[in-house]
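Examining the three-dimensional arrangement
What follows is each chain in one-letter form.
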Amino acid sequence: MAKLITSDNVCEDGSDIFHDDYYDICYKYYSGVADYHKMVKECNALNDSSLPTINSKAEQDFLINMMIKYKMVESVWLDASIKDKHIVWSDRSSGEYENWMSGRPVNNDNCVEMLADEVNRGKWEDQPCSKLNGYICKRVVMWSDQETARLIRDSRRMLDGAISKIGTLEKDLGAKITQLEQTQVPIGFLYVQLPDQAEPKTLWPAYTWSDVTATYGQRVLKMVA
């Protein structure tokens, strides 16, 4: 279960923070190596953490930067399995984003690792689950009720401000239309009607208009009386 937090204690254990669209995610690097199954157990024992799941290029790039930051040379296990040559995340998150090495995966019984070498860093490949890899643990955190309420209030204030501005613009537009309708138009005035624009007789109903489109090659009306 995700841990409820407040804004002042996100990842207080010194983890690196990734800001997802919906959550903050704490990624923690640990030294040492282990096979996939042992690593799953160790991450689960660490504050409800798991192995990494990757749902976007942004999250992928974040993990690549972590590998560089901690000078990792061992590949990293991902919390996933393989089905019909596609990634299946253990937390059932979307498998739309994939970053396989060319020609991978090849074996549905393998586990999934993210490579750490400089040439292929961040690419995924399938390897036997008994392989020893480095590991990073992932912990999803959610805002507390108080923080959520604050964010809702801030969003409402922004929305109210936007609605107020729209109302002002509508009033200004209405005033300009009224001014235009009251403007005197000289005989012979040409009105070029663009797509979605009002007919001139709608704007100036007191005048008579003649369609002279054939003369000018576009929708043009001339005020004749």
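The notes below deal with the structure included here.

Reading guide: rules and limits
- Residues numbered from 1 in each chain as written.
- Predicted model: local features only at pLDDT ≥ 70, side-chain atom pairs only at ≥ 80, totals over all residues.
- Heavy atoms only, no water.
- Disulfide = S-S within 2.5 Å.
- Helix = DSSP H or I, 4+ residues; strand = E, 2+ residues; numbered from the N terminus.
- Buried < 20%, exposed > 50% of the residue type's maximum accessible area, 1.4 Å probe, protein only.
- Phe/Tyr/Trp six-rings, centres within 6.5 Å; stacked < 30°, edge-to-face > 60°.
- Core = buried A, V, L, I, M, F, W, Y, C linked by side-chain atoms within 4.5 Å.

Scanning the model with the defined rule gives 2 disulfides in all. Residue pairing for C43: its cysteine sulfur links by disulfide to C137, the two sulfurs lying 1.9 Å apart. Its S-S torsion of about -80° marks the bond between C43 and C137 as left-handed, since a negative value means left-handed. Residue C43 is located in helix α1 (residues 36-45), and its partner C137 is located in strand β9 (residues 133-143); the two are separated by 94 residues in the primary sequence. With a sulfur-sulfur separation of 1.9 Å, C111 is cross-linked through a disulfide to C129. Sign of the S-S torsion, about 95° for the bond between C111 and C129, identifies this disulfide as right-handed. Taken together, the residues span a long stretch of sequence, with C111 in strand β7 (residues 111-114) and C129 in the loop between β8 (124-127) and β9 at a distance of 18 residues. An identical accessibility class is assigned to C111 and C129; each is buried.

Here we come to the packing of aromatic side chains. Under the defined criterion, the tally for this structure stands at 9 aromatic pairs. Centroid distance Y27 to F62: 5.7 Å. Interplanar angle 40°. Geometry classified as tilted. Here Y27 is found in strand β3 (residues 24-34), whereas its partner F62 is found in helix α2 (residues 57-69), with 35 residues between them in sequence. The residues Y27 and F62 share a single accessibility class, namely buried. Each ring, one from W89 and one from W124, has its centre 5.6 Å from the other, and the planes form 85°; the classification is edge-to-face. Taken together, the residues W89 in strand β6 (residues 86-89) and W124 in strand β8 connect sequence positions 35 residues apart. Accessibility assignment for this pair places W89 and W124 in one class, buried.

Counting 22 residues, the largest nonpolar core has Y27, I54, V112, M114 and W124 as the members making the most contacts within it. At the level of secondary structure, the elements contributing two or more residues to this core comprise β3, α2, β5 (80-83), β6 and β7. Within the second largest apolar cluster, 10 residues are counted, among which are C43, W77, C129 and Y135.

None of this, on its own, says anything about what the molecule does.
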